Amino acid sequence: GHEQYTRNMVTGGSTADLAVILIDARKGVLVQTRRHSYLVSLLGIRKVVLAINKMDLVDYSKDVFERIVAEYSAFAERIDLKDIVAIPVSGLKGDNITSPSDHTPWYHGPTLMAYLETVEVDETRQQSGALRLPVQWVNRPSPDFRGYAGTIASGTVKPGDRIRAQPSGRESTVARLVTANGDLSLAVSGQSVTLT
């Protein structure tokens, strides 16, 4: 979660069902941790893996792990993130990445890869939820055209639909759904479109 990657995180997260929030065990929950978690919540992602990394640099301390989990959980509850799995890892040493670590006998949960390979996601969420379209580009090829381009993260949209831009709350009506192959009468999650 480096600050300069926030825009990339939103673009990638716009079609995700799960987010991995990486925390440096030496530093704990930072402003950037909160920022990325808030964006995860705004994008409608409800499953979060809290990968507490660099556990080797804090001597695999259970107390450090539990303190970070408690601090993050208190924050996450305020932004409606409830499905959180915390895993103590060391990317350098491979602890709890693909196999359980002898360095964390106090941890009895899944490894990071085991969890990612078995977690169930709501495959209907993207089609049935509210429209979410993270705007990736404002398309202005001429003074007569302005469109908002992005990949639909969830929901559906059609011309005539009322939409609300966040965080301003301003509302408008969709006039057209423009694509490289012509206008659409309906767009669904996963499609890249330009709204006018």
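Every value quoted in this text rests on a predicted model; they were computed, and no experiment measured them.

Conventions and cut-offs
- Residues numbered from 1 in each chain as written.
- Predicted model: local features only at pLDDT ≥ 70, side-chain atom pairs only at ≥ 80, totals over all residues.
- Heavy atoms only, no water.
- Phe/Tyr/Trp six-rings, centres within 6.5 Å; stacked < 30°, edge-to-face > 60°.
- Helix = DSSP H or I, 4+ residues; strand = E, 2+ residues; numbered from the N terminus.
- Buried < 20%, exposed > 50% of the residue type's maximum accessible area, 1.4 Å probe, protein only.
- Lys NZ or Arg CZ within 6 Å of the ring centre and 35° of its normal.
- Axes fitted to C-alpha atoms, helices over the stretch in contact; angles between N-to-C directions.
- Parallel < 35°, antiparallel > 145°, perpendicular 65-115°, else oblique.
- Left-handed = near helix turned anticlockwise from the far one by under 90°.
- Contact = heavy atoms within 4.5 Å.
- Nonpolar A, V, L, I, M, F, W, Y, C, P; charged D, E, K, R; others polar.
- Polar contact = N/O pair within 3.5 Å; in protein donor to acceptor, adjacent residues only side chain to side chain.
- Pairing = 2+ DSSP bridges.

### Considerations on the packing of aromatic side chains
For the coordinates displayed, the defined rule picks out three aromatic pairs. Here the aromatic rings of F65 and W106 are separated by 5.3 Å at their centres, their planes lie at 45 degrees, and the arrangement is tilted. With a gap of 41 residues between them, F65 in helix α3 (residues 62-78) and W106 in the loop between β3 (83-88) and α4 (112-118) connect regions that are remote in the sequence. For F65, a relative accessible area of 8% translates into the label buried. Here a set of aromatic residues connected by ring pairs shows up, and it is made of F65, W106 and Y107. The ring of F75 is capped by R34, whose NZ or CZ atom sits 5.6 Å from the centre of that ring.

### Side note on the packing of helix α2 (residues 31-42) against α3
Between α2 and α3, the shortest axis-to-axis distance is 11 Å and the interhelical angle comes to 40 degrees. In terms of orientation, α2 lies oblique with respect to α3. For α2 against α3, the interelement crossing comes out right-handed. Touching T33, R34 and S37 of α2 are E71, Y72 and F75, all from α3. Of the residues that constitute the contact of α2 with α3, the class distribution is two nonpolar, two polar and two charged.

### Observations concerning the side chain of S37
Checked against the element boundaries, S37 lands in helix α2. Judged by relative accessible area, S37 falls into the buried class, the value being 0%. Here the side chain of S37 touches Y72 through a polar contact of 2.8 Å, side chain to side chain. S37 has contacts with I21, Y72, F75, I79 and L81, leaving out every residue within four places of it along the chain.

### Quick look at the sheet that holds β3
Pairing is parallel across the open sheet formed by three strands, whose spatial order is β1-β2-β3. Edge positions in the open sheet fall to β1 (18-24) and β3, since each of these has one partner strand only. Within this sheet the neighbouring strands show an average axis-to-axis angle of 20 degrees, counted without direction. Relative to β3, strand β2 (residues 47-53) runs parallel, the two being bridged by six bridges. Within β3, the position partnered with V48 by the bridge is I84. Packing against the sheet, α2 makes contact with β1 and β2, and its axis sits at approximately 175 degrees to β1.

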